[in-house]
Amino acid sequence: MFILSIETSCDETALALLDCSGTSKSPKIKVLENLVSSQIDIHRPFGGVVPNLAKREHEKNLPLLYSQIKNSKHWKTPDLIAITSGPGLPPALWVGIGFAKKIGEELDVPVVGANHMEGHLYSFLLEREENPQNLKLEFPGIALVVSGGHTMLLLMKSLTSWKNLGETRDDAVGEAFDKIARLMNLPYPGGPEIEKLAKEGNPKAITFPRPMIYDKNPKTKGNSYEFSFSGLKTSVLYYLKNLFPNEESFQNFRNSSHNIESRKNSPISDQQIKDISASAQQAILDVLSKKTMNAVLEFGAKSVILCGGVAANQTLRRRLSEDCEKLGAKFFSPEFEFNTDNAAMIGAAAYIRKISKKKPYPLVADSNLTL
Ligand code: KG4
Ligand code: ZN
């Protein structure tokens, strides 16, 4: 099945062409084209995504990407068009849905809605022709879904059936990275910035809290798979504030640009920023890994799937992969280009739903869709 997929849920406008085959036990999802137009530079001055700016940019970018994909060597009329129904920013989702319907009519091709989170979950299945994966999935599996809006652990009984073991009570992991970065006046999105600085910092320099790492579920006395990251962010805030003689100098630092020049007269050194980044990242990784491995042991999981934008973090991938090896579980994570938002994963989600005979999502923006 040949699929054209579209993603506009947040700040990336994306289109992809996929060649999908196989069953839900052993799907084969080949990515022929994967176009992503990022709006990050437009939203960066605001420190986050501005919904109406995102809408305007999607309106501008969609026709451009569509004409680019139609001129690509892989273009032919698709069998199906898949578009993200949610979760995401409603104004951004509606632009994509309207566009998908319009080209569906033009091409006389059916259009289906897809769940962005199912897209992240299945993004490890995406493969390029030049880099075939030959994945051998084994269940039960544990999926750790970590993005800007979600932090979830799932017990996967198969590729298409799962139980939600726990979610975050407050900030999602990506959000925690972004907020901690913002405290240090680092650019948006904060995750990649923190990871970069952490490479030159000491992860043991500061002992930040590992929220809920040893928590037990009071109902079952089993492990708790809930997360909480807002306390960590507050802890970084207090640690930072303590490095300044008064509130005014702290606010001056937060309003300066993060470069050596602008911090010449600041009481905080570049090395301290790197150490805070490395220590905060370490706290996050410890929590994510400990909880995932607890779930592997408790449920006898044979595989671990890491997905979502935060899965782009190489240190997290390495840590989980090493911890899985110690427990004899296989580790799966998407190729780098498929970690952050893209349309290929939306096509994958629509295909898996179709072959598992589940109803597609309606062509209505639904910001509350989840897994
Ligand atoms: O999945 P995604 O692209 O968008 C959502 O659906 O939310 O995830 C974006 C999130 C942002 O919070 C960003 O800071 C985080 O993923 N992120 C990272 C890294 N790359 C992106 N977090 C940590 N390390 C990274 N390398
Ligand atoms: Zn996403």
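Here the focus is the domain arrangement of the chain. We note that the domain assignment places domain 1 (2-131 + 337-355) and domain 2 (141-334) within the chain. Computed over C-alpha atoms, the centres of domain 1 and domain 2 are 27 Å apart. Facing the 22 residues of domain 1 at the interface are 23 residues of domain 2. Carbon and sulfur atoms supply 72% of the area buried between domain 1 and domain 2, which totals about 1800 Å² over both sides.

If you walk through the whole model with that rule in mind, you get 8 aromatic pairs. An angle of 85 degrees between the planes, with centres 5.8 Å apart, marks the rings of Tyr-66 and Phe-99 as edge-to-face. Here Phe-99 lies in helix α3 (residues 90-107) and Tyr-66 lies in helix α2 (residues 51-70), a separation of 33 residues in the sequence. Phe-99 shares its class with Tyr-66; the two are buried. Centre to centre, the rings of Phe-208 and Tyr-239 are 5.8 Å apart; their planes meet at 85 degrees, and the pair counts as edge-to-face. Placement of Phe-208 in the loop between α6 (190-198) and α7 (230-241) and of Tyr-239 in helix α7 is noted, with a sequence separation of 31 residues between them. Taken together, the ring pairs in this structure connect Tyr-66, Trp-75 and Phe-99 into an aromatic cluster. The cationic tip of Lys-76 hangs over the ring face of Phe-2; the distance from NZ or CZ to the ring centre is 4.7 Å. The ring of Phe-227 has Lys-291 lying over it, and the distance from NZ or CZ to the ring centre is 5.8 Å.

Locating Glu-325 in the fold gives a position in helix α10 (residues 314-327). For the pair Glu-325 and Arg-44, spaced 281 residues apart in sequence, the C-alpha separation works out to 38 Å.

Another aspect to go through is the nonpolar core. Formed by 49 residues in total, the largest nonpolar core has its most connected members in Ile-142, Met-184, Val-236, Leu-240 and Leu-288. The greatest single-element share of this core, amounting to 11 residues, is contributed by helix α9 (residues 270-299). The next biggest cluster of nonpolar side chains, apart from the first, holds 39 residues, and it includes Ala-16, Cys-20, Ile-305 and Tyr-351.

To continue, consider the coordination of the zinc ion (ligand 2). Around the zinc ion (ligand 2), the protein supplies His-116 (NE2), His-120 (NE2) and Asp-341 (OD) as donor atoms, at distances of 2.0 to 2.1 Å. Read N to C, the donor residues that coordinate the zinc ion (ligand 2) are spaced as H-x3-H-x220-D. Remark: His-120 and His-116 occur in helix α4 (residues 116-122); sequence separation between them is 4 residues, near one turn of the helix. For the pair shown, His-116 and His-120 are each scored as buried.

Ordered by their spatial adjacency, 5 strands build an open sheet running β9-β8-β7-β10-β11, and the pairing between neighbours is mixed. In this open sheet, the two edge strands, each paired with only one partner strand, are β9 (161-167) and β11 (330-332). For this sheet the average axis-to-axis angle between neighbouring strands, irrespective of direction, equals 20 degrees. Here α9 sits on the sheet in contact with β7 (141-146), β8 (151-158), β9 and β10 (303-307), set at roughly 160 degrees to β7.

This part covers the packing of helix α5 (residues 173-183) against α6. Relative to each other, α5 and α6 sit at 70 degrees, their axes nearing to 7 Å. The angle between α5 and α6 places the two elements in the roughly perpendicular class. Remark: the crossing between α5 and α6 carries left-handed chirality. Facing α5, whose interface residues are Phe-177, Asp-178, Ile-180 and Ala-181, α6 presents Gly-190, Gly-191 and Ile-194.

Turning next to the site of ligand 1. Neighbouring ligand 1 are 19 residues; His-120, Gly-148, Asp-178, Glu-195 and Gly-309 lie closest to it. A distance of 2.7 Å is found between an oxygen atom of ligand 1 and a side-chain nitrogen or oxygen belonging to Asp-178. Note that a nitrogen atom of ligand 1 is positioned 3.0 Å from one of the side-chain N or O atoms of Asn-313. Protein contact buries 88% of the 550 Å² of open area that ligand 1 shows by itself. Looking at the shell around ligand 1, the elements with two or more residues in it are α4, α5 and α6. Broken down by element, the residue count for the shell around ligand 1 peaks at 4 residues, all from α6. Partitioned by chemical class, the residues of the shell around ligand 1 number 5 nonpolar, 11 polar and 3 charged. For the shell around ligand 1, the two domains that each supply at least three residues are domain 1 (2-131 + 337-355) and domain 2 (141-334).

With that settled, consider the sheet that holds strand β2 (residues 12-22). With mixed pairing, 6 strands are arranged side by side in an open sheet as β5-β4-β1-β2-β3-β6. Of all strands in the sheet, those with a lone pairing partner are β5 (111-115) and β6 (126-128), marking the two edges. Pairs of neighbouring strands in the sheet enclose a mean axial angle of 40 degrees, with direction left out of account. One ladder, built from 3 bridges, connects strand β3 (residues 27-38) with β6; its direction is parallel. Bridging across to β6, Ile-29 finds its partner in Leu-126. This element, α2, spans β1 (2-7), β2 and β3 of the sheet and lies at about 40 degrees to β2. The sheet contacts of helix α11 (residues 344-355) involve β1, β2, β3, β4 (80-86), β5 and β6, and relative to β2 the element is tilted by about 40 degrees.

What counts as what
Residues numbered from 1 in each chain as written. Chains lettered and ligands numbered in written order. Predicted model: local features only at pLDDT ≥ 70, side-chain atom pairs only at ≥ 80, totals over all residues. Heavy atoms only, no water. Domains from an automatic or database assignment. Contact = heavy atoms within 4.5 Å. Buried area = accessible area lost by both parts, 1.4 Å probe. Phe/Tyr/Trp six-rings, centres within 6.5 Å; stacked < 30°, edge-to-face > 60°. Helix = DSSP H or I, 4+ residues; strand = E, 2+ residues; numbered from the N terminus. Buried < 20%, exposed > 50% of the residue type's maximum accessible area, 1.4 Å probe, protein only. Lys NZ or Arg CZ within 6 Å of the ring centre and 35° of its normal. Core = buried A, V, L, I, M, F, W, Y, C linked by side-chain atoms within 4.5 Å. Donors = N, O, S within 2.8 Å, 3.2 Å for Na, K, Ca; no water. Pairing = 2+ DSSP bridges. Axes fitted to C-alpha atoms, helices over the stretch in contact; angles between N-to-C directions. Parallel < 35°, antiparallel > 145°, perpendicular 65-115°, else oblique. Left-handed = near helix turned anticlockwise from the far one by under 90°. Near = heavy atom within 4 Å. Polar contact = N/O pair within 3.5 Å; in protein donor to acceptor, adjacent residues only side chain to side chain. Areas by Shrake-Rupley, 256 points an atom, 1.4 Å probe, with all protein chains shown as cover. Nonpolar A, V, L, I, M, F, W, Y, C, P; charged D, E, K, R; others polar.

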